[in-house]
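Here's the letter readout for the chains.
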Amino acid sequence: MDNQHRRLNARSTIQQLFEVGAVPIINENDTVATAESCFGDNDRLAARIAQLVNADVLILLSNVDGLFSEDPHHNPLARLVTDVRCITPEIEAMAAHSPGRHSSGGMVTKLMAARIAMDAGCEMVIAKGTKPYPLAAVENGGRSTCFVPLAQGRATRDSR
């Protein structure tokens, strides 16, 4: 993403895939990944791709419904945060608990991704992906956390 030529090639490739009706699957753990192409986790990779293609919305599917006031696995009274308009130290503290067994960063990397997406003017949603039809659930108002970018973020999208 730091090399302009490669960034433009990647964007062009993804746009051409969209034009023919394909949905590209881009994964940090891909068998052809190299040290130069590693981002550290799929959350930030997804946010960078959303930024690259000027996406309006990025949906990260997880093993939880979204960002909670505390770790819901340890405190059943933890409150789901449904809307975040600014990632404050208080919001960051909510994600400070350790990642789950199957993740490389948990909620901490999702907040990093949210910051990237919001700075790019892209809305980001965290929702549970372990239930049937998770995208339909989000679309129909199911439990999730929505990170809403500032209006000026959308207006200042660049055409990198």
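Nothing here was measured: the structure is a model prediction, and the numbers come from that model.

Calculation notes
Residues numbered from 1 in each chain as written. Predicted model: local features only at pLDDT ≥ 70, side-chain atom pairs only at ≥ 80, totals over all residues. Heavy atoms only, no water. Helix = DSSP H or I, 4+ residues; strand = E, 2+ residues; numbered from the N terminus. Buried < 20%, exposed > 50% of the residue type's maximum accessible area, 1.4 Å probe, protein only. Areas by Shrake-Rupley, 256 points an atom, 1.4 Å probe, with all protein chains shown as cover. Pairing = 2+ DSSP bridges. Expected span 1.5 Å × (residues − 1). Salt bridge = Lys/Arg side-chain N within 4 Å of Asp/Glu carboxyl O. Core = buried A, V, L, I, M, F, W, Y, C linked by side-chain atoms within 4.5 Å. Contact = heavy atoms within 4.5 Å.

## Digging into the overall build of the protein chain
Okay, step 1: Scanning the protein chain from N- to C-terminus turns up six helices and six strands.
Okay, step 2: Each helix (α) and strand (β) of the protein chain, taken in turn from the N terminus, gives the series α-α-β-β-β-β-α-α-β-α-β-α.
Okay, step 3: By residue count, 37% of the 160 residues in the protein chain fall in the buried class.
Okay, step 4: Counting every atom, the protein chain has about 9,900 Å² of accessible surface; 53% of that belongs to carbon and sulfur.

## Here we look at the pairing of strand β6 (residues 144-147)
Okay, step 1: Both faces of β6 are covered, namely the face carrying Ser144 and Cys146 and the face carrying Thr145 and Phe147.
Okay, step 2: Bridge count between strand β4 (residues 83-84) and β6: two bridges; the pairing is parallel. Considered in β6, the bridge of aspartate 83 is made with cysteine 146.
Okay, step 3: Where strand β5 (residues 123-128) lies against β6, four bridges are found, and the strand directions are antiparallel. Its bridge partner lying in β6, methionine 124 is registered against phenylalanine 147.

## As for helix α4 (residues 106-119)
Okay, step 1: Between the first and last C-alpha of α4 there are 21 Å, a value that for 14 residues agrees with the 20 Å anticipated at 1.5 Å per step.
Okay, step 2: Taken together, the buried positions of α4 are occupied by Gly106, Met107, Thr109, Lys110, Leu111, Ala113, Ala114, Ile116, Ala117 and Met118.
Okay, step 3: Glycine 121 sits one or two positions beyond α4 and adopts a positive phi of about 80 degrees.

## Observations regarding the pattern of salt bridges
Okay, step 1: Scanning the entire structure with this criterion turns up four salt bridges.
Okay, step 2: Aspartate 43 serves as the salt-bridge partner of lysine 110, at 3.1 Å between the closest nitrogen and oxygen. Taken together, the residues lysine 110 in helix α4 and aspartate 43 in helix α2 (residues 42-52) connect sequence positions 67 residues apart.
Okay, step 3: Judged by its relative accessible area of 8%, lysine 110 falls in the buried class.
Okay, step 4: On the accessibility criterion, aspartate 43 (12% relative accessible area) is buried.
Okay, step 5: A salt bridge links glutamate 92 to arginine 115; the nearest nitrogen and oxygen atoms lie 3.2 Å apart. With glutamate 92 in helix α3 (residues 89-94) and arginine 115 in helix α4, the pair connects residues that are 23 residues apart, well separated along the chain.
Okay, step 6: For glutamate 92, a relative accessible area of 36% gives the class partly exposed.
Okay, step 7: Given the relative accessible area of 34%, arginine 115 is considered partly exposed.

## Observations regarding the nonpolar core
Okay, step 1: Formed by 32 residues in total, the largest nonpolar core has its most connected members in Leu58, Leu67, Val84, Ile87, Ile91, Met124 and Phe147.
Okay, step 2: For this core, the elements supplying multiple residues, two or more each, are α2, β1 (57-62), β2 (67-68), β3 (80-81), α3, α4 and β5.
Okay, step 3: The element best represented in this core is α4, accounting for seven residues.
Okay, step 4: Apart from residues no more than four positions distant in its own chain, isoleucine 91 is found in contact with Leu67, Val84, Cys86 and Leu111.

Geometric values such as these leave the question of function open.
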